[in-house]
Amino acid sequence: MTFPLIGLHASLGELAALMFVWSFIELFSGADSNIRRAKLAVLLGVVFLFAAWLAGGFYYVEFYGSGVKPIIKEGPFPWAHKVVMETKEHVFLFLPFLGLLAYGLMQRLGSMMTHDRRSRVAAMYAVGSVAIITAGMAFFGFLVSSGFRAALEQIAL
Amino acid sequence: MNRFSIKALAYACHAVIWFVAIITIAAELAEPVKGFLAGLTGHHWTAKGIISLVIFFTVAFIFAKKKDPGDVTGLIRGVLISAVLGAITIFVFYLLINS
């Protein structure tokens, strides 16, 4: 039960990052079709971020605290929970809102992005930062998983 | 989302980022704060998320009609700086209390 959930959380997060990268690339051009696709990509990215929040949140509250956290804390890399996971679970809360800012920004700027380069640059800042922070969360997730795996290896050996 | 000015969404992001950073530190340093949050929804992290949603939309509604500047890059850059500083604050806090 727990593995599909964490896999779903990670996959949705990675899909979200991919959507924001896609939007970033589309914004290099000011053509109507590029702007339309950039907006669609951001909308999908926001949906994936909220879905990742739900999947990860359910896993965290229902399984992580009772089944994973104590094992990591007893393992060779307790900082994987004490520093990395604690930071990840809170910084993650920024992301859906930064995603909403990026989506709202692109809705407001609308067709202005086709001829105003500054508007496109602002949108690129917004979507690019969400992509980078989301990728950072994936890296933190890798560290937490590594901490858990190392703890399990210690128990097994 | 079209009803909100970009300024309103930027202010809402600032509010959420600093709410999360401050409540996270407060909850670690004062057990009653963590207990209060857990009492709201059953888990302190869930409460932080739900309160963040309420804060975001409350602030966005309050400033919804605020006029946006011609160039919004500064607003977005400000939010990014806030996000990076908020993340560093949380990371350094956990580093310090565990060292």
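Residues numbered from 1 in each chain as written. Chains lettered and ligands numbered in written order. Predicted model: local features only at pLDDT ≥ 70, side-chain atom pairs only at ≥ 80, totals over all residues.

## Description of the overall build of chain B
No. 1: Scanning chain B for helices and strands turns up four helices and zero strands.
No. 2: Its helices and strands in sequence order give chain B the pattern α-α-α-α, from N to C terminus.
No. 3: Judged by the C-alpha coordinates and their principal axes, chain B covers about 45 × 30 × 15 Å.
No. 4: For chain B, the residues scored as buried account for 37% of the 99 residues in total.
No. 5: Sequence separation of at least 24 residues holds for 79% of the intrachain contacts in chain B that already meet a minimum separation of 6. (Helix = DSSP H or I, 4+ residues; strand = E, 2+ residues; numbered from the N terminus. Buried ≥ 20, exposed ≤ 12 C-beta atoms within 10 Å, placed from the backbone. Contact = placed C-beta atoms within 7 Å.)

## Remarks on the overall build of chain A
No. 1: Counting its secondary structure elements, chain A contains six helices and zero strands.
No. 2: If you list the helices and strands of chain A from N to C, you get α-α-α-α-α-α.
No. 3: With respect to the principal axes defined by its C-alpha atoms, chain A has extents near 60 × 25 × 20 Å.
No. 4: Within chain A, the fraction of its 157 residues that count as buried is 50%.
No. 5: Contacts in chain A between residues far apart in sequence, at least 24 positions, make up 81% of those at least 6 positions apart.

## Structural notes on the confidence of the model for chain B
No. 1: Summary statistics for chain B give a mean pLDDT of 96 and a share of 100% for residues scoring 70 or more.
No. 2: For chain B, per-element mean pLDDT is lowest for helix H2 (residues 31-41) of chain B, which scores 96, and highest for helix H1 (residues 6-29) of chain B, which scores 98. (pLDDT = per-residue confidence, 0-100.)

## Re the interface of chain B and chain A
No. 1: Across the boundary between the two partners, chain B contributes 34 residues, which contact 29 residues of chain A.
No. 2: When residues of the side of chain B that touches chain A are traced back to their parent elements, those giving at least two are H1, helix H3 (44-62) and helix H4 (73-97) of chain B.
No. 3: At 12 residues, the largest contribution of residues to the side of chain B that touches chain A is made by H4(B).

## Concerning the packing of H1(B) against H4(B)
Residues and elements named next belong to chain B.
No. 1: Taken N-terminus to C-terminus, the directions of H1 and H4 make an angle of 5°; their axes are 9 Å apart at the nearest point. Between H1 and H4, the angle is such that the two are roughly parallel. Contacts between H1 and H4 pair Ile 6, Lys 7, Ala 10, Cys 13, His 14, Ile 17, Trp 18, Val 20, Ala 21, Thr 24, Ile 25 and Glu 28 from the former with Leu 75, Ile 76, Gly 78, Val 79, Ser 82, Ala 83, Gly 86, Thr 89, Ile 90, Phe 93 and Ile 97 from the latter.
No. 2: For the contact of H1 with H4, the per-class residue count stands at 15 nonpolar, six polar and two charged. (Axes fitted to C-alpha atoms, helices over the stretch in contact; angles between N-to-C directions. Parallel < 35°, antiparallel > 145°, perpendicular 65-115°, else oblique. Nonpolar A, V, L, I, M, F, W, Y, C, P; charged D, E, K, R; others polar.)

## Points about the packing of helix H2 (residues 32-74) of chain A against H3(B)
No. 1: Taken N-terminus to C-terminus, the directions of H2(A) and H3(B) make an angle of 150°; their axes are 10 Å apart at the nearest point. Judged by the angle between their axes, H2(A) and H3(B) are roughly antiparallel. Seen from H2(A), the contacting residues are A:Gly57, A:Tyr60 and A:Val61; seen from H3(B), they are B:Trp45, B:Thr46 and B:Gly49.
No. 2: Of the residues contributing to the contact of H2(A) with H3(B), the split by class is three nonpolar, three polar and no charged.

## Considerations on the environment of A:Gln107
No. 1: Structurally, the position occupied by A:Gln107 is in helix H4 (residues 95-109).
No. 2: Separated by 64 residues in the primary sequence, A:Gln107 and A:Leu43 place their C-alpha atoms 10.0 Å from one another.
No. 3: Those residues in contact with A:Gln107 that lie beyond four places of it in its chain are B:Met1 and B:Asn2.

## Some words on H3(B)
No. 1: End to end, H3(B) covers 27 Å across 19 residues, agreeing with the expected 27 Å (1.5 Å per residue, within 8%).
No. 2: For H3(B), every residue scored as buried is listed here: B:His44, B:Trp45, B:Lys48, B:Gly49, B:Ser52, B:Phe56, B:Val59 and B:Ala60. Viewed end-on, H3(B) has its buried residues packed into an arc of 140°, placing them on one side of the element. Exposed residues pointing more than 90 degrees away from the buried face of H3(B) are listed as B:Val54 and B:Thr58.
No. 3: At its buried positions, H3(B) is contacted by H2, helix H3 (79-91) and H4 of chain A together with H1 and H2 of chain B. (Expected span 1.5 Å × (residues − 1). Arc of directions from axis to C-beta.)

## Here we look at the nonpolar core
No. 1: The biggest cluster of nonpolar side chains holds 84 residues, and the ones touching the most others in it are A:Phe94, A:Leu101, A:Leu105, A:Val127, B:Leu9 and B:Ala12.
No. 2: Among the elements of the structure, helix H1 (2-26), H2, H3, H4 and helix H6 (117-156) of chain A together with H1, H3 and H4 of chain B are those that each provide at least two residues to this core.
No. 3: Examining the composition of this core, we find that 15 residues originate from one element, H2(A), more than from any other.
No. 4: When residues no more than four places from it in sequence are discounted, the contact partners of A:Phe94 are A:Ile133, B:Val16, B:Ile17, B:Val20, B:Ala83 and B:Gly86. (Core = buried A, V, L, I, M, F, W, Y, C linked by C-beta atoms within 7 Å.)

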